[in-house]
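# A closer look at the structure
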Amino acid sequence: MILSALATSVGLNLALTVLLAAAYSLLRRRPPYVEVYAPRRPYAPLEPWLAAAWRRSEDDVHAAAGLDGVVFVRIFVFSIRVFAAAAVLGVGVLLPVNFLDHQLQEIDFTDLPNKSIDLFSVSNVQDGSSKLWLHFSAVYIITGITCYLLYHEYKYISGKRLEYFMISKPLPQHFTVLVRAIPLSDGVSVGDAVDKFFKEYHASTYLSHTVVHQTGKLRRLLNDAESICTKLTNLKYVRRSTGDPPRKFLGLFSRNDLVGKYQKRLEDLEENVRMEQSDATRRQEIAAAFVSFRSRYGAANAVYIRQSDNPTEWQTELAPDPHDVYWPFFSTSFMERWIAKFVVFVASVLLILVFLLVVAFVQGLTYLEQLEQWLPFLRNILEIAVVSQLVTGYLPSVILHFLSSYVPSIMKLFSTMQGFVSVSGIERSACNKMLRFTIWTVCFANVLTGSVLRQYEIFLDPKELPTKLAVLVPAQASFFIAYVVTSWTSITSELTQITALFCHLWGKCAKCCKRDGSKAPSMPYHSEIPRILLFGLLGLAYFIVAPLILPFVLVYFCLGYFIFLNQLFNIYVPKYDTGGKFWPVVHSTTIFSLVVLHVIAIGVFGLKKLPLASSLLLPLPLLTLLFNEFCRNRFLPIFEAYSTESLIKKDREEQSKPDMLEFFSNLVTAYRDPALKPIQRASNSDERTAPLLASV
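The structure reproduced in this document is the subject of the present report. These figures come from a predicted structure and were not determined experimentally.

Rules and cut-offs
- Residues numbered from 1 in each chain as written.
- Predicted model: local features only at pLDDT ≥ 70, side-chain atom pairs only at ≥ 80, totals over all residues.
- Heavy atoms only, no water.
- Patch = residues over 30% accessible without salt bridge, like charges linked within 9 Å, V, L, I, M, F, W, Y side chains within 5 Å.
- Areas by Shrake-Rupley, 256 points an atom, 1.4 Å probe, with all protein chains shown as cover.
- Salt bridge = Lys/Arg side-chain N within 4 Å of Asp/Glu carboxyl O.
- Helix = DSSP H or I, 4+ residues; strand = E, 2+ residues; numbered from the N terminus.
- Buried < 20%, exposed > 50% of the residue type's maximum accessible area, 1.4 Å probe, protein only.
- Lys, Arg positive; Asp, Glu negative; His and termini not counted.
- Polar contact = N/O pair within 3.5 Å; in protein donor to acceptor, adjacent residues only side chain to side chain.
- Contact = heavy atoms within 4.5 Å.
- Phe/Tyr/Trp six-rings, centres within 6.5 Å; stacked < 30°, edge-to-face > 60°.
- Pairing = 2+ DSSP bridges.
- Axes fitted to C-alpha atoms, helices over the stretch in contact; angles between N-to-C directions.
- Parallel < 35°, antiparallel > 145°, perpendicular 65-115°, else oblique.
- Nonpolar A, V, L, I, M, F, W, Y, C, P; charged D, E, K, R; others polar.
- Core = buried A, V, L, I, M, F, W, Y, C linked by side-chain atoms within 4.5 Å.
- 1 Å grid on protein atoms, 1.4 Å probe; cavity = no way out; pocket = protein on both sides within 12 Å on 5 of 7 lines; lining within 4 Å.
- Points joined across faces, edges and corners; volume = space filled by probe spheres on them.
- Left-handed = near helix turned anticlockwise from the far one by under 90°.
- Expected span 1.5 Å × (residues − 1).
- Arc of directions from axis to C-beta.

## Examining a nonpolar patch on the surface
- A cluster of nonpolar side chains, namely M335, W338, I339, F342, V343, F345, V346, V349, L350, L353, L413 and M417, defines an oily patch on the protein surface of about 1200 Å² accessible area.
- Counting only elements with at least two residues in the nonpolar patch, the list comes to α10 (334-365) and α15 (407-417).
- Counting residues per element, the nonpolar patch draws most heavily on α10, at ten residues.
- Mapped onto the secondary structure, L413 falls in helix α15.
- What makes L413 partly exposed here is its relative accessible area of 49%.

This is the structure we're talking about:
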């Protein structure tokens, strides 16, 4: 890519970023769009969103989005700190060194816009040059800074996790465990088996239990009823708001006819729901139950001590928050979950292989000569300077961004198929899948496909890995710089909520299908965290190879910090709180990114005929991995379970509080399946029809 093509991409994306931000600032002030841009705070006074985001404290974030929201914001804070230091080193030191050398060609400042951006890469430094020791020093410096900040963040967030636990009010999930694979005898119900077992072995701490029922058919009925209830509500709303007399469509059906039809169907479904609820309560039990205890310590003992001599029976795990439970997949057996994991693995591999073909096509667009061979009839058009710059510098990254946006929903579907019993478990699993997919397809597959197609044997000879990566990675620097720049527009589009805006406008036009805007969405951590970590990987991987990428990465993180702070307060409602369990994923991925930087640097110095620098870098990845192991042993256990010290101290603080009696009374029914709760609906009047269920 030449500098003018990069400048075109930067200018276009900067203009789109400003345009989207301006559109958001205007639309959010219009009352018709409140449910799109402020579903959490529809009646809050308006103030400049940038200034409001800047004033938010960490306590404000925790109150609005829980500890997961705090961790999400800390990812941006950590990334800004790392890449601010990296940009100072890269742009202030390495970039001038790369540019002022002239291994590739002599510099002609009069024709600079038509020069390749490779002039700013390490490829332009003379082989064996003493200036390469600056690059060597920069690798050690940025590794030290990143590891120091990683340690600080891990310590800080683990401390916050313990702090918020100690000051939190009693929560059902801290006193409850999920028991599966309950062995049954003839004539003994699941409830009786659970009650007998826990009264015998946990007599001093056992409180109550709630048996899980098979409610698949019941949920389908409820979904049908909810759909009809919504249509009925909207028909009545349209009739009241327009004030029109009943009209007939083609002389056959009037609005009153439709209202009566929907009311009759709704009454029939309500009766079927009541019958199915009664049947599910009496007969459709599953060998699983939520068991509650009188103390957190008692619940922890039930989880971390094996309950039976037969490890396949009485299996226990931490219970999710009652609102976090994903009820539809409680009926899956151990064998079904194992088969589902295998099917999902095969499907994930196939998805990656399909996406590799997409990457190969996208990479072909970055090479004008190859594109002219594929589409010879476009040769005259591609000879126009502006068109060629847009096609090679902007279009490939836009296509990759667009196609990648559909992957998170697929990964979430895969995780749902595996039988997780909580929404947080589904999204954490989807996050890990997205991370592996993103790193392989967007990063490494682009490197391999774009430079030397079908060089998959690169991983078959580990000794040659640094040298091959040192050749392949710089060749794709221009593509990834354009990809990062295009991400400015992508992350700013988060402000405008284009999909939600379109649905809102469509609902205004088609009032009989009006969308329910009363429910604010939840934060899609499973898609956003892998995306953030990808840019961290790209920034570190190209730190010495192409430091020109660093300011663009830094701008991305700064935009993300302000935009998502605004969204956490105005758009997204937390559906769950894992207590900051996403941070270990961030830590491990950053360590991986540092090791990739080291491997590339070792290969670069080898190619640049500076073997001493390569040799002196060999201990660095080993030291980084040792640091990672130290952090895992020091902090990771805090994210896996609370200590005996914390649990007993918390139990003793609360045991004499009078409100604990009310809490335990509510705990007995906290894990009752919402599908089994009595249905609630307003009578057949002109009043707006109430939701069929209070909570499903």
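## Considering the side chain of D68
- By secondary structure assignment, the location of D68 is in helix α4 (residues 58-100).
- Although D68 lies buried, it forms no salt bridge, and the closest oppositely charged side chain, R161, sits 7.3 Å away as judged by the N-O distance.
- Here the side chain of D68 touches T578 through a polar contact of 2.6 Å, side chain to side chain.
- In contact with D68, other than residues within four places in its own chain, are Y525, Y576, D577, T578, G579, G580, K581 and F582.

## Some points on the packing of aromatic side chains
- Taken as a whole and judged by the stated rule, the model has 41 aromatic pairs.
- Seen in terms of ring centroids, F480 and Y542 are 5.7 Å apart; in terms of plane orientation they differ by 50°. Their pairing is tilted. With F480 in helix α18 (residues 477-496) and Y542 in the loop between α20 (525-541) and α21 (550-570), this residue pair connects regions lying 62 residues apart in the sequence.
- According to the relative accessible area criterion, F480 is buried, its value standing at 0%.
- By relative accessible area, Y542 is classed as buried at 3%.
- Ring plane angle 70° and centroid distance 5.6 Å describe the contact between Y556 and F557, whose orientation is recorded as edge-to-face. The pair formed by Y556 and F557 is uniform in burial state, with each residue classed as buried.

## Structural notes on the pattern of salt bridges
- This model, assessed by the stated rule, comprises 17 salt bridges.
- Of the charged contacts in the structure, one is a salt bridge between E58 and R74, with a shortest N-O distance of 3.4 Å. For the pair formed by E58 and R74, the shared burial category is buried.
- Linking R296 and E654 is a salt bridge whose minimum nitrogen-to-oxygen distance equals 2.8 Å. You can see R296 sitting in helix α9 (residues 296-304) and its partner E654 sitting in helix α25 (residues 644-654), a full 358 residues away along the chain. Considered together, R296 and E654 belong to a single accessibility category, that of buried residues.
- Bridged by salt links that share partners, the residues E58, R74, R81, E153, K160 and E163 form one connected network.

## Quick notes on the pairing of strand β5 (residues 285-293)
- Taking burial as the measure, the nine residues of β5 include seven buried ones, the bulk of the element.
- As paired elements, strand β1 (residues 176-180) and β5 share five bridges and run antiparallel to each other. Along β5, the bridge assignment pairs V179 with A289.
- Note: strand β2 (residues 206-213) against β5, six bridges, orientation antiparallel. Within β5, the residue paired with Y206 across the bridge is F293.

## Thoughts on the environment of S79
- Secondary-structure assignment places S79 in helix α4.
- Each C-alpha atom of the pair S79 and L533 lies 8.9 Å from the other, and the pair is 454 residues apart in sequence.
- Ignoring anything within four residues of it in the chain, the contact list for S79 reads I532 and F557.

## With respect to the packing of helix α1 (residues 3-27) against α18
- Across the interface, α1 lies against α18 with an axial gap of 8 Å and an inter-helix angle of 10°. Relative to α18, the element α1 lies roughly parallel. Residues L6, S9, V10, N13, L14, L16, T17, L20, A21 and Y24 of α1 form the contact with α18, whose participating residues are I481, V485, T486, W488, T489, T492, S493, L495 and T496.
- Residues belonging to the contact of α1 with α18 are distributed by class as follows: eleven nonpolar, eight polar and no charged.

## Structural notes on the nonpolar core
- Ranked by internal contacts, the top residues of the largest apolar core, which has 137 residues, are F72, F83, I529, Y542, F543, W583 and F605.
- Ranked by residue count, the leading element in this core is α4, at 20 residues.
- Once residues lying within four places of it in the same chain are set aside, the contact partners of F543 are A86, L89, G90, L94, A138, V139, I142, L550 and L597.
- In this structure, I182, F198, A289 and V303 belong to the second largest nonpolar core, which totals 17 residues.

## Topic: the environment of M417
- Mapped onto the secondary structure, M417 falls in helix α15.
- Given a relative accessible area of 35%, M417 falls into the partly exposed group.
- Residues M417 and E336 lie 81 residues apart in sequence; the distance between their C-alpha atoms is 9.9 Å.
- Setting aside its immediate chain neighbours within four residues, M417 contacts F329, A340, V343 and V344.

## Some points on empty space enclosed by the protein
- Using the criterion set out here, one finds six cavities of 30 Å³ or more in the structure.
- Estimates place the volume of the largest cavity at around 120 Å³.
- Every residue lining the largest cavity is counted, 16 residues in all, and those nearest its centre are F78, S79, L533, G536 and T590.
- Listing elements by their share of the lining of the largest cavity, those giving two or more residues are α4, α20 and α22 (583-607).
- For the lining of the largest cavity, the residue count by class is ten nonpolar, six polar and no charged.
- In this model, the second largest cavity occupies a volume close to 60 Å³.
- As for the second largest cavity, its lining consists of ten residues, and the residues nearest its centre are C443, F444, V473, A541 and I600.

## Considering the packing of α20 against α22
- The interhelical angle for the contact between α20 and α22, taken along N-to-C directions, is 25°, at an axis separation of 8 Å. It follows that α20 is roughly parallel to α22 by the angle criterion. Both α20 and α22 take part in a crossing whose hand is right-handed. Contacts between α20 and α22 involve I529, L533, L537, L540 and A541 from the first element and V585, V586, T589, F592, S593, L594, V596, L597 and I600 from the second.
- Among the residues forming the contact of α20 with α22, the class breakdown is twelve nonpolar, two polar and no charged.

## Description of the side chain of Q418
- Position of Q418 among the secondary structure elements: in the loop between α15 and α16 (423-451).
- With a relative accessible area of 10%, Q418 lands in the buried category.
- Non-local contacts of Q418, meaning those with residues more than four positions away in its chain, are made with R337, A340, K341, V344, S429 and K433.

## Looking at the pairing of β1
- Burial analysis of β1 places five of its five residues in the buried class, the great majority of the element.
- Burial of β1 is two-sided: the residues T176, L178 and R180 facing one way and the residues V177 and V179 facing the other way are all buried.

## With respect to helix α6 (residues 190-201)
- Taking 1.5 Å per residue as the helical rise, α6 with its twelve residues ought to reach 16 Å, and the 17 Å between its terminal C-alpha atoms agrees with that figure.
- Taken together, the buried positions of α6 are occupied by V190, G191, A193, V194, F197 and F198. Seen from one end, α6 has its buried residues packed into an arc of 160°, which puts them on one side.
- The inward-facing, buried residues of α6 abut β1, β2 and β5.

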